[in-house]
Amino acid sequence: MANKLSLTASYIAVKFYGLTLNPKIASFFTPFTISFYGKVVSYLPAKLSWNQTAFRVRFWRNFFVWWEELLLPGDLMHIISRKYYVEHAVRKAINEGCEQLVVLGSGFDHNGALFASEDIPSFEIDTPSMIEHKRKMLTQNGFNSEFLNLCPIDPANQNIKEVLSETGEFDPNRKTVFLAEGFFDYLSLDSTRVILENITDMCPDLKLISTFFDLSELNFFHRFMFTSGVAMVGETLKLPLNRKEYISLLNEFDLKVENETSYLKIEKELISKMNLDLPVLKGFYVLESTKC
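Residues numbered from 1 in each chain as written. Predicted model: local features only at pLDDT ≥ 70, side-chain atom pairs only at ≥ 80, totals over all residues. Heavy atoms only, no water.

Draft legend 1. Looking closely at the environment of Ser191. Locating Ser191 in the fold gives a position in helix H11 (residues 189-202). Classification of Ser191 by relative accessible area gives partly exposed; the value is 33%. Measuring from C-alpha to C-alpha, the distance between Ser191 and Pro31 comes to 36 Å, with 160 residues separating the pair along the chain. (Helix = DSSP H or I, 4+ residues; strand = E, 2+ residues; numbered from the N terminus. Buried < 20%, exposed > 50% of the residue type's maximum accessible area, 1.4 Å probe, protein only.)

Okay, here's the thing in structure tokens:
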């Protein structure tokens, strides 16, 4: 995790908010979620958020969707669907007894603030720079809460267990839901193993909600466009696993996948209900795992 403002996190916020200006999409999200990303976009430097104004005009919104679909079909709807399914997965975990939330590589994600507003102890972990940006954005817009803990981490000298323990608020004996949205894809296999070992050793009772990209399911051109797009914002996809290998890795740490949402399921369940003739990026999955 580089110690800087994440351009990936910024562009996801901009694209998500811009797309929710379409009423067909907005109706599937709560006012809190849409407002949160609107505030993020307003906080971002103009060079990162300029196109959110253009998104308000239907013509330009349709043009951006057409252009994105031409280059990488399904990328935009993957952003919409990951926000929808991840939030619902966290909600389900809490309804099933999870008492606290940890967001790994939180960026500008809304889930920590959302569930903290409902008195669920929530912990966001990211680089010092990103945490500082997040803190400023939350403070400017009244999203702070006594239940929301922002936790900067120095990956070279600290681990997640140490950072959470230092808050004095995290209880490892509580059933915990860990959220890793767009997180492991950017880590090496060794780093991923360390983090999985950390969280499973620390919490005897946990659920892990993670997103995963199986790049092997994309054709050569779309795989090139996806990896090039990530590289253009200064980041790199590092986890050298396909879907089956990733699930096998989770199993090594006694994490059993209980529910898997594939891009095909998303198209059938969500995108069709939005009445949008758009695909979801192939190879995209949301996995809900429980420690055995």
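So, next bit.
Draft legend 2. Spatial organisation of a nonpolar patch on the surface. Taken together, Val57, Phe59, Trp60, Phe63, Trp66, Trp67 and Leu70 make up a surface patch of nonpolar side chains, about 750 Å² in accessible area. Within the secondary structure, Phe63 sits in helix H6 (residues 58-71). For Phe63, a relative accessible area of 34% gives the class partly exposed. (Patch = residues over 30% accessible without salt bridge, like charges linked within 9 Å, V, L, I, M, F, W, Y side chains within 5 Å. Areas by Shrake-Rupley, 256 points an atom, 1.4 Å probe, with all protein chains shown as cover. Salt bridge = Lys/Arg side-chain N within 4 Å of Asp/Glu carboxyl O.)

Draft legend 3. Molecular detail of the packing of aromatic side chains. Per the stated rule, a full pass over the model turns up 20 aromatic pairs. Linked through ring pairs, Phe16, Phe28, Phe29, Phe32, Phe36, Tyr37, Tyr84, Tyr85 and Phe143 together constitute an aromatic cluster. Residue placement shows Arg243 over the ring face of Tyr285; its charged tip is 5.6 Å from the ring centre. (Phe/Tyr/Trp six-rings, centres within 6.5 Å; stacked < 30°, edge-to-face > 60°. Lys NZ or Arg CZ within 6 Å of the ring centre and 35° of its normal.)

Draft legend 4. Structural context of the sheet that holds strand E2 (residues 122-126). Read across the sheet, seven strands follow the order E3-E2-E1-E4-E5-E7-E6 without closing on themselves; strand pairing throughout is mixed. Two strands bound the open sheet, and with one partner strand each, they are strand E3 (148-152) and strand E6 (255-262). The average undirected angle you get between the axes of adjacent strands in this sheet is 20°. Of the strand pairs in this sheet, E2 and E3 are connected by five bridges, and their pairing is parallel. Counted as the bridge partner of Glu124 is Leu150 from E3. Strand contacts of helix H7 (residues 75-95): strand E1 (100-104), strand E4 (176-180), strand E5 (206-213), E6 and strand E7 (284-291), with the helix running at about 15° to E7, the strand carrying the most contacts. The strands that helix H9 (residues 128-140) touches are E2 and E3; relative to E3, the one it contacts most, it runs at about 150°. (Pairing = 2+ DSSP bridges. Axes fitted to C-alpha atoms, helices over the stretch in contact; angles between N-to-C directions. Contact = heavy atoms within 4.5 Å.)

Draft legend 5. Spatial organisation of the layout of surface pockets. The computed volume of the second largest pocket comes to approximately 260 Å³. What lines the second largest pocket is a set of 14 residues, and nearest its centre among them are Asn22, Lys24, Arg61, Asn62 and Leu276. Only helix H2 (23-26) and H6 provide two or more residues apiece to the lining of the second largest pocket. In terms of residue count, H6 provides more of the lining of the second largest pocket than any other element does, four residues in total. (1 Å grid on protein atoms, 1.4 Å probe; cavity = no way out; pocket = protein on both sides within 12 Å on 5 of 7 lines; lining within 4 Å. Points joined across faces, edges and corners; volume = space filled by probe spheres on them.)

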